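# Reading the structure
The chain contents come next:
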Amino acid sequence: MRIDLHAHSTASDGTDSPAELVRNAADAGLDVVALTDHDTVGGYGEALAALPARLTLVTGAELSCRLDGTGVHMLAYLFDPEEPELARERELVRDDRVPRARTMVGKLRDLGVDVTWEQVARIAGDGSVGRPHIATALVELGVVATVSDAFTPDWLADGGRAYAEKHELDPFDAVRLVKAAGGVTVLAHPAAVKRGRCVPESAIAELAAAGLDGIEVDHMDHDADTRARLRGLAADLGLLTTGSSDYHGSRKTCRLGEYTTDPEVYGEITRRATGAFPVPGAGGRER
Ligand code: AMP
Ligand code: ZN
Ligand code: FE
Ligand code: FE
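Residues numbered from 1 in each chain as written. Chains lettered and ligands numbered in written order. Predicted model: local features only at pLDDT ≥ 70, side-chain atom pairs only at ≥ 80, totals over all residues. Heavy atoms only, no water.

In the annotation of an unreviewed UniProt entry, the entry for the protein chain reads PHP domain-containing protein, and the organism field reads Streptomyces yangpuensis.

### Digging into the pattern of salt bridges
Per the stated rule, a full pass over the model turns up 15 salt bridges. A salt bridge links aspartate 213 to lysine 179, with the shortest nitrogen-to-oxygen separation between them at 3.7 Å. Residue aspartate 213 is found in the loop between α7 (201–209) and β6 (214–218), and its partner lysine 179 is found in helix α6 (residues 171–180); the two are separated by 34 residues along the sequence. Judged by its relative accessible area of 40%, lysine 179 falls in the partly exposed class. One continuous salt-bridge network, built from bridges that share partners, spans Lys179, Asp213, Glu268, Arg271 and Arg272. (Salt bridge = Lys/Arg side-chain N within 4 Å of Asp/Glu carboxyl O. Helix = DSSP H or I, 4+ residues; strand = E, 2+ residues; numbered from the N terminus. Buried < 20%, exposed > 50% of the residue type's maximum accessible area, 1.4 Å probe, protein only.)

### Regarding the side chain of glutamate 83
Turning to its location among the elements, glutamate 83 is positioned in the loop between β4 (70–77) and α3 (84–110). A polar side-chain atom of glutamate 83 sits 2.8 Å from the main-chain amide nitrogen of leucine 86. (Polar contact = N/O pair within 3.5 Å; in protein donor to acceptor, adjacent residues only side chain to side chain.)

### Comments concerning the site of ligand 1
Taken together, 14 residues lie around ligand 1, and His38, Arg97, Arg100, Arg131 and Lys252 are the ones closest in. Taking arginine 100, its side chain carries an N or O atom lying 2.8 Å from an oxygen atom of ligand 1. One nitrogen or oxygen atom from the main chain of arginine 131 is found 2.8 Å from an oxygen atom belonging to ligand 1. In the complex, 94% of the free accessible area of ligand 1, which totals 500 Å², lies under the protein chains. At the level of secondary structure, the elements contributing two or more residues to the shell around ligand 1 comprise α3 and α5 (131–140). Looking at side-chain class alone, the shell around ligand 1 contains two nonpolar, four polar and eight charged residues. (Near = heavy atom within 4 Å. Areas by Shrake-Rupley, 256 points an atom, 1.4 Å probe, with all protein chains shown as cover. Nonpolar A, V, L, I, M, F, W, Y, C, P; charged D, E, K, R; others polar.)

Have a look at this one:
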């Protein structure tokens with residue numbers, strides 16, 4: 001069984017539509033894919049409608065959080081998308097992304113870059129707007145060569161010249177809210193140093209005590225030593241460990257299924273979840 005529990009679509013900052021994402025997941029030989037757009041469940045309907053036979057969809061989201069000034073991403077799986085408190089929090093983060101992106105565009109213009117909000121809005125389309133969309137605009141303008149090259153202190157990195165903060169959740173609140181909505185939480189790429197400061201082990205221990213279910217270990221931004229350290233930490237804290245691609249279509253280099261999650265861990269995630277259930281592609285059956 002090949003299981004990839006972290007992928008983005010055009011509902012946030014991926015480049016595959018939700019329908020393309022599930023088709024590409026099936027073509028990549030995956031049995032299970034999780035749709036984890038930033039702060040939104042907006043891609044669910046299209047992904048479910050297009051779900052190929054033999055592919056199971058795990059619904060989810062990647063919640064933007066902040067702890068002591070450090071950005072933290074919390075993967076949330078199989079929560080009830082209708083649960084009002086968590087839905088409200090997703091909306092608050094999503095809504096704040098627009099004025100925040102406009103602020104970043106303003107900062108770039110002050111730096112002499114001829115980017116406009118209209119350009120960024122066109123790139124983001126219906127998706128929850130984020131820095132990768134602005135980075136794509138910078139690539140279009142020839143300011144940087146790749147999306148990744150825009151994530152430097154000169155441009156969009158945390159604290160960079162054109163960076164602006166957005167409303168984000170306290171990760172302890174995120175764990176509590178997701179659990180209350182019947183979901184399961186996995187701390188995304190906890191040691192991805194190139195994104196800025198990473199989450200201290202003491203904070204991971206506190207989150208574990210507060211009900212965090214797992215941490216993402218096998219991820220492109222973790223080297224072998226980091227993975228070994230995180231595996232040890234998870235064993236000490238009784239946390240599940242996952243592996244995932246964090247696929248963003250053509251906006252990032254990772255491929256669907258490049259990293260995968262152990263079927264036993266996946267089984268445990270599905271057993272713990274009560275807010276929603278994995279949806280198997282119907283194939284030839286009536287839907
Ligand atoms: P935002 O939620 O708008 O702050 O943007 C966060 C997004 O930027 C996430 O999807 C990350 O994958 C992406 N990101 C962060 N750092 C980098 C990087 N160094 N290269 C490419 N994408 C990045
Ligand atoms: Zn993203
Ligand atoms: Fe992330
Ligand atoms: Fe992600």
